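What follows is each chain in one-letter form.
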Amino acid sequence: MIRFDRASAAENASTSSRTRHLALWSLAVSASLAIGPRAALYWDSLGYVEQSLHGRVGGLLLGRPLFVLACHLATRLALALGASPWSLESVLRNAWLALAALAAPLVATLADRIGLGRRAAWIAGLLVALSPAGAHTRDAVLTDGPATAMVLLALVLRAGGPTTPTPNALLTGAAMGLAFGLREQAALHLLTALLVPVHGVERRRWQDALLLGVGFATTATALLLLARASNPDYPASILRWVRGMAAERHEARVAGEALSRYALWLVALSPVALAATVAWWAHPRERWWPMVIPASVGLLALSRYQDIAFSPRYLLTEFVVATTLPAAAWLDRTLVRRANHLAWILPSLVILPLAGHFLEARQRPLRLLIAGLPGRLHAVPPNAVIVTGQPCAAIRLTARLARTWPRSWDGPRPRWSPMCPGWSWPADPTMRLEEALREGVPIVIDLRNAAWLGEPQRYRRAQLRTFAATHATDPRVISWRDAPSPSR
């Protein structure tokens, strides 16, 4: 009878855990659908979709080989099943959203396995599911959300995997290698894995460090070899990234913008988790507290990242690992046990739609601009030089889709030469454009406000205005401008 009761209790606990996981995953997906862009918006997203067509790894650091190759396989499968090539961004976005949303149930499982308890595990999962910036990032073809989920999976394996220590460490390292293949900075969390308390297993710091490293190196090396096989130019692409980042560091930036945006991003990721974590660090009582140190250091170090002013997504993995468990522990012992069950969740429930409304209003001009590009590009001569800002990656993707599937494109195959802000921007853009005119090449200059984001891009647009004004009567120079505001 006792044995039956114990089996029944274990079965009920397992069912409850599965229900919680499904609820957290569903909530994370719903939050992303509610406030995500639901469209191609990020520069990197459009680049990844283009890479998915040919499967060539490279361009950003080591190229995110697992992410690009998985996109390529998903694209081939979708096309084989009859998907339109123009719908591939949507297919990939929804597929990666399904994976990235697993971060919510995975962090709840991690909280359970390191001993926070069921209630704190619920809180941890809800904090991740309801993160405004996290929800927005998940709804895009980006590496940040999937990498966060994969890092958490590796930590879950470490915290409650096989009771035999050697397979546990090797498997955890291999999973972290997969996370590295999604986003290289995931390698930092090998240190986190080493500090995760493993119940029932004697601590073997040096042996575990070696085994974690072997598992990680095996997976990561295999992915890098696949990347090299997919792209003969792979080593050169890494060097181009290094040189491009070095040149970017010398660009003029608004003083204090990066640091102020960094502080804003921390709040946007989760004001509740941020405040509760700060309170927790005043008196960290839990024995697992060292495991959040690597991510906390990484989170602070990212304040110095040169592109941090552009997006909170760069902080996502470190923020989740550094704050979610401490925040859940503090909220559980401070608020929930005082019967203030809604005191911590209500701010998240209110902030999420407010953040969604703010983001929608802010991003609407760019989203509409990118959505309208294919129609506008039909009128552009097929050999034109097109100078634009943020939509540049969309022009490259449109050109590739039109060339690869010419029957889906009404007009001649485009051979456009996009001139994009960033590493490939010429030192003297006017000279480059004058040379194109001498060769008889038409030019399109995009001067619309929504097309240029951030101070460096707006500086480049200012360079173009003089050229456009000088050639205002030249029929070979086409200027895209904002519609004039209606007079009152």
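None of these values were measured; they are calculated from a predicted model.

Asks: I tried to follow the overall build of the protein on my own but got confused; where do I start?
Replies: When helices and strands are tallied, the protein shows 21 helices and 4 strands. The C-alpha radius of gyration computed for the protein amounts to 25 Å, which stays within 12% of the reference 23 Å derived for 488 residues, consistent with globular compactness. Here the protein holds 488 residues, and the buried ones make up 51% of them. Look at the contacts in the protein between residues 6 or more apart in sequence, and 77% of them connect residues 24 or more apart.

Asks: Looking at this structure, I do not really get the environment of Leu-302. What am I missing?
Replies: Assignment of secondary structure puts Leu-302 in the loop between helix H15 (293–301) and helix H16 (316–334). Apart from residues lying up to four places away in sequence, Leu-302 is in contact with Gln-185, Tyr-262, Ile-308, Tyr-314, Leu-315 and Glu-318.

Asks: How should I be thinking about the sheet that holds strand S4 (residues 477–480) in this particular structure?
Replies: In sheet architecture, strand pairing relies on hydrogen bonds along the backbone and comes in two forms, parallel and antiparallel. Read across the open sheet, the 4 strands follow the order S2-S1-S3-S4; overall the sheet is parallel. Looking along the sheet, the strands with just one partner apiece sit at the ends: strand S2 (417–419) and S4. Along the sheet, successive strands turn relative to each other by an average axial angle of 20°, direction set aside. Where strand S3 (residues 443–446) meets S4, 4 bridges bridge the pair, whose relative direction is parallel. Across the sheet, Ile-443 pairs through a bridge with Val-477, a residue of S4.

Asks: So what exactly am I meant to see when it comes to the pattern of salt bridges here?
Replies: For the coordinates displayed, the defined rule picks out 18 salt bridges. As a salt-bridge pair, Arg-64 and Glu-184 come within 3.0 Å of each other at their nearest N and O atoms. One end of the pair, Arg-64, is in the loop between helix H2 (43–54) and helix H3 (65–80); the other, Glu-184, is in the loop between helix H9 (165–182) and helix H10 (189–195), and 120 residues separate them in sequence. Residues Arg-64 and Glu-184 agree in their burial class; the two are buried. The salt bridge partner of Arg-183 is Asp-144, with a shortest N-O separation of 3.3 Å. Taken together, the positions of Arg-183 in the loop between H9 and H10 and Asp-144 in helix H8 (residues 144–160) put the pair 39 residues apart, joining distant regions of the chain.

Asks: Could you clarify how one ought to interpret the state of the cysteines in this entry?
Replies: What is meant by a disulfide is a covalent connection between two cysteines, made through their sulfur atoms. Applying the stated criterion across every chain yields a total of 1 disulfide. Bridging Cys-392 to Cys-420, the disulfide has an S-S length of 1.8 Å. Disulfide Cys-392 to Cys-420: torsion about the S-S bond roughly -80°, handedness left-handed. Separated by 28 residues along the polypeptide, Cys-392 in helix H19 (residues 392–404) and Cys-420 in the loop between S2 and helix H20 (429–438) bring together distant segments of the chain. With respect to class, Cys-392 is no different from Cys-420; both count as buried.

Asks: Hey, could you run me through the side chain of Asp-208 in this one?
Replies: Following the sequence through the fold, Asp-208 ends up in helix H11 (residues 205–230). Excluding its chain neighbours within four sequence positions, the residues that come into contact with Asp-208 are Arg-158, Ala-169 and Leu-194.

Asks: What exactly am I supposed to notice about the packing of aromatic side chains here?
Replies: Each aromatic ring pair is specified by the distance between its two centres and by the angle formed by the two planes. Using the criterion set out here, one finds 9 aromatic pairs in the structure. Judged by centre distance (4.9 Å) and plane angle (80°), the rings of Trp-280 and Trp-281 are edge-to-face. Looking at Trp-280, the relative accessible area reads 0%, which means it is buried. Sitting over the ring of Trp-480, Arg-376 keeps its end group 5.0 Å from the ring centre.

Asks: For this particular structure, what's the right way to read the packing of H3 against H9?
Replies: Two numbers describe a pair of packed helices, the interaxial angle and the distance between the axes. Taken N-terminus to C-terminus, the directions of H3 and H9 make an angle of 75°; their axes are 4 Å apart at the nearest point. The angle between H3 and H9 falls in the class roughly perpendicular. Contacts between H3 and H9 pair Pro-65, Leu-66 and Phe-67 from the former with Leu-178, Gly-181 and Leu-182 from the latter. When its residues are assigned to classes, the contact of H3 with H9 shows 5 nonpolar, 1 polar and no charged.

Asks: How do you make sense of helix H5 (residues 103–113) when you look at a structure like this?
Replies: The buried fraction of H5 amounts to 9 of the 11 residues, a majority that puts the element mostly inside the structure. Of the positions making up H5, those classed as buried are Ala-103, Ala-104, Pro-105, Leu-106, Val-107, Ala-108, Thr-109, Leu-110 and Ala-111. Count one or two residues on from H5 and you reach Gly-115, which has phi positive near 100°.

Asks: I'm lost on the pairing of S3 in this one. Help?
Replies: If a strand is regular, its side chains alternate between the two faces of the sheet. Covered by surrounding structure in S3 are Ile-443 and Ile-445 together with Val-444 and Asp-446, the residues of both alternating faces. In terms of strand pairing, strand S1 (residues 385–387) meets S3 through 3 bridges, oriented parallel. Opposite Val-385, over in S3, you have Ile-443 as the bridge partner. This β-α-β element, S3 to helix H21 (residues 454–470) to S4, shows right-handed connectivity.

The rules we used
- Residues numbered from 1 in each chain as written.
- Predicted model: local features only at pLDDT ≥ 70, side-chain atom pairs only at ≥ 80, totals over all residues.
- Heavy atoms only, no water.
- Helix = DSSP H or I, 4+ residues; strand = E, 2+ residues; numbered from the N terminus.
- Rg over C-alpha atoms; globule rule 2.2 N^0.38 Å.
- Buried < 20%, exposed > 50% of the residue type's maximum accessible area, 1.4 Å probe, protein only.
- Contact = heavy atoms within 4.5 Å.
- Pairing = 2+ DSSP bridges.
- Axes fitted to C-alpha atoms, helices over the stretch in contact; angles between N-to-C directions.
- Salt bridge = Lys/Arg side-chain N within 4 Å of Asp/Glu carboxyl O.
- Disulfide = S-S within 2.5 Å.
- Phe/Tyr/Trp six-rings, centres within 6.5 Å; stacked < 30°, edge-to-face > 60°.
- Lys NZ or Arg CZ within 6 Å of the ring centre and 35° of its normal.
- Parallel < 35°, antiparallel > 145°, perpendicular 65-115°, else oblique.
- Nonpolar A, V, L, I, M, F, W, Y, C, P; charged D, E, K, R; others polar.
- Right-handed = clockwise from strand over helix to strand, strands pointing away.

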